[in-house]
Amino acid sequence: MRRPFLSLLVGALVSLSAQADGGMWLMEQLSQKYSSLAARGLQMKEYDLYNPNGTSLKDAVVSFDGGCTGEVISSQGLVLTNHHCGYDAIQQLSSVEHNYLEQGYWARTLQDELPARGVVVTFIDKIEDVTAFVQGQLRQLKGGTGMEFLSPSYLNGLARRHYSERYQRGQQGIELEIKPFYNGNKYLLFVKKVYSDIRFVGAPPSAVGKFGADTDNWSYPRHTGDFSLFRIYADANGNPAPYSEQNVPLRPRRWFDISTAGVQEGDFAMIMGFPGRTNQYALPSEITEWRDIDNTIRIRMRGLRQEVMLREMLADPKTNIMYAAKYARSQNGYKRAIGANWGVSRPDFLRRSEELRSEVERWASGQRDRKKGKVYLDGIARIEQAVAERAALRRQLWWLDEGLWQGIEAMQAPGVDLPLMSLERSFRSYCNKDYSPAVDAKIAKVLLAEYCRQVARADWPEELARGLARYGSVEAYVDAVYAGTRFTKEEGFASFTALPAAEQAKVLETDPLARLATSVRSKMRQLQKALQPFDSQISQGRRDYLAGLGLARAAQGGAGLMDYMADANSTLRFTYGQIQGYSPRDGVRYTVPTTLQGVMQKEDSTSWEFVVPERLKEIYRTQSYGAGKRWASKQADGSYVMPVNFTATTHTTGGNSGSPVFNAKGQLIGINFDRNWEGVAGDIQYLPSYQRSIICDIRYVLLIIDELGGARRLIDELSLVP
Ligand code: ARG
Ligand code: ASP
């Protein structure tokens, strides 16, 4: 009697833990996952989610402008993505008179939709497994670098030569790409349709779209309306075409229905999108390297830099504006690194990595044919060895990269190492309307001082050593560099370009900033070059390690590598889980959803991060939650609550921003825009109790379009389902 009971119990435990197993799955893994999806409540047919030979929900999911995800939400090609994903495009379209970032924008008619030049939206038309073909080609390859198995230019060359005829002939806007998965143990060909006439349709003011800004970034409880709207335009036949007045809104194959029913804790939730990069198969030594070198150095250098920036920004409103975006960019990676290290230091964090390694080791050393098993053991050894041997160089590179190269703006300065053609571009890349040489010099003093403390003199860029020897202190040297250069002011550069070529060359040889920047870049190149063989070793080692993992798994009766998730690589994935709050530490529990009341609680008119627009306050006061309060949740006592954000256990990463979050019926319930900082170590290993996707409730999006934007025309275009 006992046994079956126990196995039942074990079964229940397994399915419980499977409920929290994370994973960013390839579309073809849907078949494998389908029964567990159905068990959790999915009510869609498999082919309705993904149909390799027909239309399905995945056809409404697009890659937005390279780094983000978007979704088609109307029969007229309307695309929803994040405010922070549309940010650059919106900024490009803004001017002092029309500041769409600050004021928001709502196109009243199709004619008011503004061409967002340079933005592209990409559909994945077809995905084909080309593993056998690519591996055959690799085997025939003579010579080469040994790194072709991961090389985009090699793989895309294959795609061009062998698949162009089939997929591109007579077609407009089709691009082909072959991507490696499981570190070169699987290859998929993506046939992509790329639309380049994209128009800006609408966005809330930053006070809604970026509410909470840096303070709230990577954290929950959150109250951000992080969305913007664009539209895909096509030629009369629905094909991609460059911008033209003749183009018309695309009639897409598929778009999302939008649920206005509201969500509850425990509800099934699913996401499709284009996650950027994860490292799920890192060995323990790689994880500690990431923690102790990459993240630690980043935290140290950015912390110092941001401290100076913030002091300068708070002291002067003009500097505040000039450095806002730079500060935000720096802070985004900084906070992420802090969260990552917090995650890595959870007890047991390394255990999964250790277990995977032992699984391969056990299986490989148990092979009767010793030579056969050796490949995989060698793979592991190669990674371990490279990690150990590269530590000192990697540390040097990170101090240099985070500290000087990325930290000090003027390290982009012209120099003898750059082609003449690009001197102007290099100058303008930092010396523009947002540049203050005084602030940069202050940052340089702090960062150079720390760099000199951390790195041995023999390893400094030569010019730095020379300058310090000459001036005696970092302080004096930096003052001399910034006072003596032509490259921190427009006039200085103009006087440079006015010189004859021979004189220009002499200036580049003698200008103190040009000399320092050149020397820093040359040190960077030197270190990168020295590290490259280790990177190759690790990539090759990991290919073999993962191959071993797949075989070990198969030997236990599993499906091989396909039982695992392939590391994210900006290709289309799905992830699933449920809507759920979390408890980051004892005594604290975050709940879902947050509400408009929380926006009001955070309101602070003295902080640019927490300003609430007057109209939004009025909406709150008068409970103007749409006709019949249709965007709000009716409570048991008859009152109404306006939801804003919620969290889900879905496994997401950078690139998933803008991804559709949908319910068991495939109806849109929200738009993904962030994670909590306690969960970012999920890039290495999913942490069920900590990792959450942060999602904007679709009803808040609707409220803002409807009541703040007054854009009834857009609401009418949507397929709303009660
Ligand atoms: N943390 C979010 C994501 O990477 C949002 C970033 C935009 N916001 C910001 N303050 N930088 O990437
Ligand atoms: N905010 C991220 C993005 O821009 C999403 C994340 O890292 O979770 O893609």
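Right, let's walk through the structure included here. Remember, predicted model here, so these are calculated numbers, not experimental data.

Rules and cut-offs
- Residues numbered from 1 in each chain as written.
- Chains lettered and ligands numbered in written order.
- Predicted model: local features only at pLDDT ≥ 70, side-chain atom pairs only at ≥ 80, totals over all residues.
- Heavy atoms only, no water.
- Near = heavy atom within 4 Å.
- Polar contact = N/O pair within 3.5 Å; in protein donor to acceptor, adjacent residues only side chain to side chain.
- Areas by Shrake-Rupley, 256 points an atom, 1.4 Å probe, with all protein chains shown as cover.
- Nonpolar A, V, L, I, M, F, W, Y, C, P; charged D, E, K, R; others polar.
- Helix = DSSP H or I, 4+ residues; strand = E, 2+ residues; numbered from the N terminus.
- Contact = heavy atoms within 4.5 Å.
- Phe/Tyr/Trp six-rings, centres within 6.5 Å; stacked < 30°, edge-to-face > 60°.
- Buried < 20%, exposed > 50% of the residue type's maximum accessible area, 1.4 Å probe, protein only.
- Pairing = 2+ DSSP bridges.
- Salt bridge = Lys/Arg side-chain N within 4 Å of Asp/Glu carboxyl O.
- Disulfide = S-S within 2.5 Å.
- Axes fitted to C-alpha atoms, helices over the stretch in contact; angles between N-to-C directions.
- Parallel < 35°, antiparallel > 145°, perpendicular 65-115°, else oblique.
- Core = buried A, V, L, I, M, F, W, Y, C linked by side-chain atoms within 4.5 Å.

1. Comments concerning the site of ligand 1
So, point 1. In the neighbourhood of ligand 1, the contacting residues comprise His 84, Asp 214, Asn 217, Trp 218, Ala 328, Asn 332 and Asp 674.
So, point 2. Here Asn 217 contributes a side-chain N or O atom positioned 2.6 Å from a nitrogen atom of ligand 1.
So, point 3. At 2.9 Å from a nitrogen atom of ligand 1 is found a side-chain nitrogen or oxygen belonging to Asn 332.
So, point 4. For ligand 1, the accessible surface in isolation is 330 Å², of which the surrounding protein chains cover 80%.
So, point 5. The residue makeup of the shell around ligand 1, split by class, is two nonpolar, three polar and two charged.

2. A short note on the environment of Ser 228
So, point 1. Tracing the backbone through its elements, the reader meets Ser 228 in strand S11 (residues 228-234).
So, point 2. Considering only alpha carbons, one finds Ser 228 and Arg 457, 229 residues apart in sequence, at a separation of 50 Å.
So, point 3. Those residues in contact with Ser 228 that sit more than four places away from it in its chain are Val 79, Leu 80, Thr 81, Asn 82, His 83, Gly 86, Ile 90, Gly 202 and Ala 203.
So, point 4. Among the polar contacts listed, one links the side chain of Ser 228 to the backbone oxygen of Asn 82, at a separation of 2.9 Å.

3. Here we look at the packing of aromatic side chains
So, point 1. Considering all chains together, one arrives at 26 aromatic pairs under this definition.
So, point 2. Between Phe 181 and Phe 190, the ring centres sit 6.2 Å apart and the planes meet at 40°, which makes this aromatic pair tilted.
So, point 3. A residue is classified by how much of its surface remains accessible, and Phe 190, at 4% relative accessible area, is buried.
So, point 4. Plain terms: the ring middles of Trp 342 and Trp 677 are 5.6 Å apart, the flat faces sit at 70° to each other, and that makes the pair edge-to-face.

4. Regarding the pairing of strand S14 (residues 268-273)
For a regular strand, side-chain orientation follows a simple rule: the groups alternate between the two sheet faces.
So, point 1. Within S14, six of the six residues are buried, leaving the element largely enclosed by the surrounding structure.
So, point 2. By the alternation rule, side chains of S14 split into Phe 268, Met 270 and Met 272 and Ala 269, Ile 271 and Gly 273, which are all buried.
So, point 3. Direction of pairing for S14 relative to strand S15 (residues 573-578): antiparallel, over a ladder of six bridges. Looking at the pairing, Ala 269 lines up with Gly 577 of S15.
So, point 4. Relative to strand S19 (residues 660-662), S14 runs antiparallel, the two being bridged by two bridges. Its bridge partner lying in S19, Met 270 is registered against Phe 662.

5. Some thoughts on the pattern of salt bridges
So, point 1. For the structure on display, the rule yields 54 salt bridges.
So, point 2. Linking Arg 253 and Asp 59 is a salt bridge whose minimum nitrogen-to-oxygen distance equals 3.4 Å. Residue Arg 253 is located in the loop between strand S12 (248-249) and strand S13 (258-259), and its partner Asp 59 is located in the loop between helix H3 (46-49) and strand S2 (61-64); the two are separated by 194 residues in the primary sequence.
So, point 3. A single network of salt bridges, built from pairs that share partners, joins Glu 289, Asp 294, Arg 390, Arg 394 and Asp 535.

6. Comments concerning unusual backbone geometry
So, point 1. A cis amide bond links Tyr 220 with the next residue in sequence, Pro 221, at an omega value of 0°.
So, point 2. Among the secondary structure elements, Pro 221 is positioned in the loop between helix H9 (213-216) and S11.
So, point 3. A cis amide bond links Val 592 to the next residue, Pro 593, at an omega of -10°.
So, point 4. Even without a glycine there, the phi angle at Asn 183 is positive, about 50°.
So, point 5. Mapping Asn 183 onto the fold places it in the loop between strand S8 (174-181) and strand S9 (186-195).
So, point 6. The phi dihedral of Ser 570 falls on the positive side, at around 60°, and the residue is not glycine.
So, point 7. With respect to the helices, strands and loops of the structure, Ser 570 is situated in the loop between helix H20 (512-555) and S15.

7. Examining the site of ligand 2
So, point 1. Contacts to ligand 2 come from His 84, Trp 218, Thr 653, Gly 654, Gly 655, Asn 656, Ser 657, Phe 673, Asp 674 and Arg 675.
So, point 2. At a separation of 3.2 Å, an oxygen atom of ligand 2 approaches a polar backbone atom of Gly 654.
So, point 3. Separating an oxygen atom of ligand 2 from a side-chain N or O atom of Arg 675 is a distance of 2.7 Å.
So, point 4. Protein contacts shield 87% of the accessible area of ligand 2, which totals 270 Å² for the unbound molecule.
So, point 5. Per element, the largest residue contribution to the shell around ligand 2 is three residues, and it comes from strand S20 (residues 668-675).
So, point 6. Here the residues of the shell around ligand 2 are counted per class, giving two nonpolar, six polar and two charged.

8. Description of the pairing of S2
So, point 1. Along S2, one buried face is formed by Val 61 and Ser 63 and the opposite face, lined by Val 62 and Phe 64, is buried too.
So, point 2. Relative to strand S3 (residues 68-72), S2 runs antiparallel, the two being bridged by four bridges. Paired with Phe 64 across the two strands is Cys 68, which belongs to S3.
So, point 3. Between S2 and the antiparallel strand that follows it, S3, lie three residues; Asp 65 among them carries a positive phi value of about 55°.
So, point 4. Bridging between S2 and strand S7 (residues 121-129) involves two bridges; their strand directions are antiparallel. Paired with Ser 63 across the bridge in S7 is Thr 122.

9. So, the state of the cysteines
So, point 1. Applying the stated rule across the entire model yields one disulfide.
So, point 2. Cys 68 shares a disulfide with Cys 85; S-S distance 2.1 Å. Here the disulfide of Cys 68 and Cys 85 is left-handed, its torsion about the S-S bond being about -75°. Of this pair, Cys 68 sits in strand S3 while Cys 85 is found in helix H4 (residues 83-93), placing the two residues 17 residues apart along the sequence.
So, point 3. A disulfide-free cysteine, Cys 696 has its sulfur positioned 13 Å from the sulfur of Cys 85, the nearest such atom.

10. Some remarks on the packing of helix H14 (residues 423-430) against helix H18 (residues 490-497)
So, point 1. At a minimum axis separation of 12 Å, H14 and H18 run at an interaxial angle of 175°. Between H14 and H18, the interaxial angle falls into the category roughly antiparallel. Residues Leu 423, Glu 424, Phe 427 and Arg 428 of H14 form the contact with H18, whose own contacting residues are Glu 490, Phe 493 and Phe 496.
So, point 2. For the contact of H14 with H18, the class distribution of residues is four nonpolar, no polar and three charged.

11. Quick notes on the nonpolar core
So, point 1. Membership of the largest hydrophobic core comes to 185 residues, with the highest contact counts inside it found for Leu 229, Phe 487, Leu 616 and Tyr 700.
So, point 2. When residues in this core are grouped by element, the largest group, 15 residues, is from H20.
So, point 3. Beyond its immediate sequence surroundings of up to four residues, Tyr 700 is in contact with Val 208, Thr 224, Gly 225, Leu 596, Val 599, Leu 616, Met 642, Pro 643 and Val 644.
So, point 4. Judged by nonpolar contacts, the second largest core, of 16 residues, contains Val 130, Leu 158, Ile 174 and Leu 189.

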